[in-house]
Amino acid sequence: MPAWTRFAAISVAAFACAFGTLTPTVVTAAPLIVAHRGGTGDTPENTVRAFTNALQNGAQALWMTVQVTRDGVPVMYRPADLSALTEGRGKLADIDYADVRKLNAGYTFSRKGADGQIVYPYRDNPLPIPTLREALAAVPANVPVLLDLKQTPAAPLVEAVIKVLDETNAWSRVRLYSTEAEATDRLRARRPQAQLFESRDATRNRLVAAALAGQCAAPPAPGTWAGIEFHRQVEVVERFTLGEGISKVVANWWTPAAVQCFKSRGDVHLVAFGIETPQDFEAASQLGFDAVMTDSPARLRAALANQGQGASK
């Protein structure tokens, strides 16, 4: 059975509700734990060490972020500038892989030492920015990978990712996400077998319609995967003749009605981003989410254990 199929079918009896017709108040399994960029709170993000540590800390799937170098090598990196995480600077797309390889992906990673002072544990123990090929090779084939394409223009990145997934025969173990419709549209056209999340715009629009209009006009088709933050700071803009009014709110938009709308046509799978507390984990579980994404699998697992909760294995 392909790795991603196993992810969708882990404990068939336990996941019968989550992957079939949902009644939001009846949940029989905890969501899978997905390590956001390998666990940004535990280890320098998007590194091989982060991915392996996340699995040791109880993560059951991995979220990875990919960009492409100037000479066409897809590597695991998220920020817009190299200075955010490394001792380098500039956009990754403007630099060749040979120079990216020299950088320390853990350069800015910090934590408090025993004396309360901030320390940088990886400045003397540098970690390279891995290629997509290296990241996939470092992770067991039965571990699902959620791959976020994080670069514009999208075409060079999409083509580089396609090449690696073709050559590593990894399409069955990877599900692809991007906030850029250009990326997912190109993937869909170039590789029909690509497993994709629906667009962020589509997910957000459905949530807004459910929250503000009480509407479920266009639930997603069966087989759809959707993911967005569990809580999200949003702005509601009202435009009128002499200007506009803006209301800011932290949206708790994943209500039982919203989840029921998303799942009303059957097999729709939901991933909640930004789950860091046992309370949010429990809420996502009760709503029928299939997976939750966290910055620290170690911290979340420990908190769940302290409260006597469990996550599905």
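Each value, and the rule that gives it
Residues numbered from 1 in each chain as written. Predicted model: local features only at pLDDT ≥ 70, side-chain atom pairs only at ≥ 80, totals over all residues. Heavy atoms only, no water. Buried < 20%, exposed > 50% of the residue type's maximum accessible area, 1.4 Å probe, protein only. Helix = DSSP H or I, 4+ residues; strand = E, 2+ residues; numbered from the N terminus. Contact = heavy atoms within 4.5 Å. Phe/Tyr/Trp six-rings, centres within 6.5 Å; stacked < 30°, edge-to-face > 60°. Lys NZ or Arg CZ within 6 Å of the ring centre and 35° of its normal. Salt bridge = Lys/Arg side-chain N within 4 Å of Asp/Glu carboxyl O. Polar contact = N/O pair within 3.5 Å; in protein donor to acceptor, adjacent residues only side chain to side chain. Core = buried A, V, L, I, M, F, W, Y, C linked by side-chain atoms within 4.5 Å. 1 Å grid on protein atoms, 1.4 Å probe; cavity = no way out; pocket = protein on both sides within 12 Å on 5 of 7 lines; lining within 4 Å. Points joined across faces, edges and corners; volume = space filled by probe spheres on them. Nonpolar A, V, L, I, M, F, W, Y, C, P; charged D, E, K, R; others polar.

- As annotated in an unreviewed UniProt entry, the protein carries the name Glycerophosphodiester phosphodiesterase and is attributed to Pandoraea apista.

### Looking at helix α9 (residues 278-287)
- Pro278, Asp280, Phe281, Ala284, Ser285 and Leu287 are the residues of α9 that are buried.
- In the core, the buried residues of α9 are packed alongside β1 (32-36), α8 (256-262), β13 (291-294) and α10 (297-306).
- The first or second residue beyond α9 is Gly288, which carries a positive phi of 100°.

### A short note on the packing of aromatic side chains
- Under the criterion given, the structure shown has ten aromatic pairs.
- Ring geometry for Trp254 and Phe262: centres 5.0 Å apart, planes at 55°, overall tilted. Across the pair, Phe262 and Trp254 agree in class, each one buried.
- Taken together, Trp63, Tyr177, Phe197, Trp225 and Phe273 form an aromatic cluster joined through their ring pairs.
- Its end group placed over the ring of Tyr120, Arg123 keeps NZ or CZ at 3.9 Å from the ring centre.
- When the ring centre of Phe262 is taken as reference, the NZ or CZ atom of Arg206 above it lies at 5.9 Å.

### Quick look at the pattern of salt bridges
- Taken as a whole and judged by the stated rule, the model has 19 salt bridges.
- One salt bridge in this structure joins Asp166 and Arg191, with 2.6 Å as the shortest N-O distance. One end of the pair, Asp166, is in helix α5 (residues 154-167); the other, Arg191, is in the loop between α6 (181-190) and β8 (195-196), and 25 residues separate them in sequence.
- Given the relative accessible area of 18%, Arg191 is considered buried.
- The closest approach of N and O atoms between Glu198 and Arg206, which form a salt bridge, is 2.5 Å. You'll find Glu198 and Arg206 in the same group, each marked buried.
- Connected through salt bridges with shared partners, the residues Arg133, Lys163 and Glu167 form a single ionic network.

### As for the environment of His36
- Residue position: His36 is located in strand β1.
- The spatial distance from the C-alpha of His36 to the C-alpha of Ala50 is 9.8 Å, given a sequence separation of 14 residues.
- What His36 contacts, discounting residues up to four positions off in sequence, is Trp63, Met293, Thr294 and Asp295.
- Within the structure, the side chain of His36 is placed 2.7 Å from the side chain of Asp295, a separation counted as a polar contact.

### Looking at the nonpolar core
- In terms of nonpolar packing, the biggest core is built from 33 residues, with Met64, Leu147, Leu149 and Leu176 touching the most fellow members.
- At the level of secondary structure, the elements contributing two or more residues to this core comprise α2 (48-56), β2 (61-68), α4 (132-138), β6 (145-149), α5, β7 (174-177) and α6.
- Sort the elements by how many residues they give to this core and α5 lands first, with eight residues.
- When sequence neighbours within four positions are dropped, the list of residues in contact with Leu176 reads Leu147, Leu149, Val161, Leu165, Trp171, Leu187, Ala194, Gln195, Leu196 and Phe197.
- Among the nonpolar cores identified, the runner-up in size contains 24 residues, and Phe262, Leu270, Phe289 and Leu300 belong to it.

### A word on the layout of surface pockets
- The calculated volume of the largest pocket comes to roughly 310 Å³.
- In terms of lining residues, the largest pocket is bounded by 17 residues, among which Val208, Val234, Val236, Ala251 and Trp253 are the most central.
- Broken down by secondary-structure element, the contributors of at least two residues to the lining of the largest pocket are α7 (200-213), β10 (232-240) and β11 (243-251).
- Counting residues per element, the lining of the largest pocket draws most heavily on β10, at six residues.
- A breakdown of the residues in the lining of the largest pocket according to their chemical character gives ten nonpolar, three polar and four charged.

### Here's the deal with the environment of Ala226
- Relative to the elements of secondary structure, Ala226 occurs in strand β9 (residues 225-229).
- Judged by its relative accessible area of 0%, Ala226 falls in the buried class.
- Through-space distance from the C-alpha of Ala226 to that of Phe262 is 8.9 Å; in sequence the pair is 36 residues apart.
- Ignoring anything within four residues of it in the chain, the contact list for Ala226 reads Phe197, Glu198, Thr203, Phe262, His269, Leu270 and Val271.

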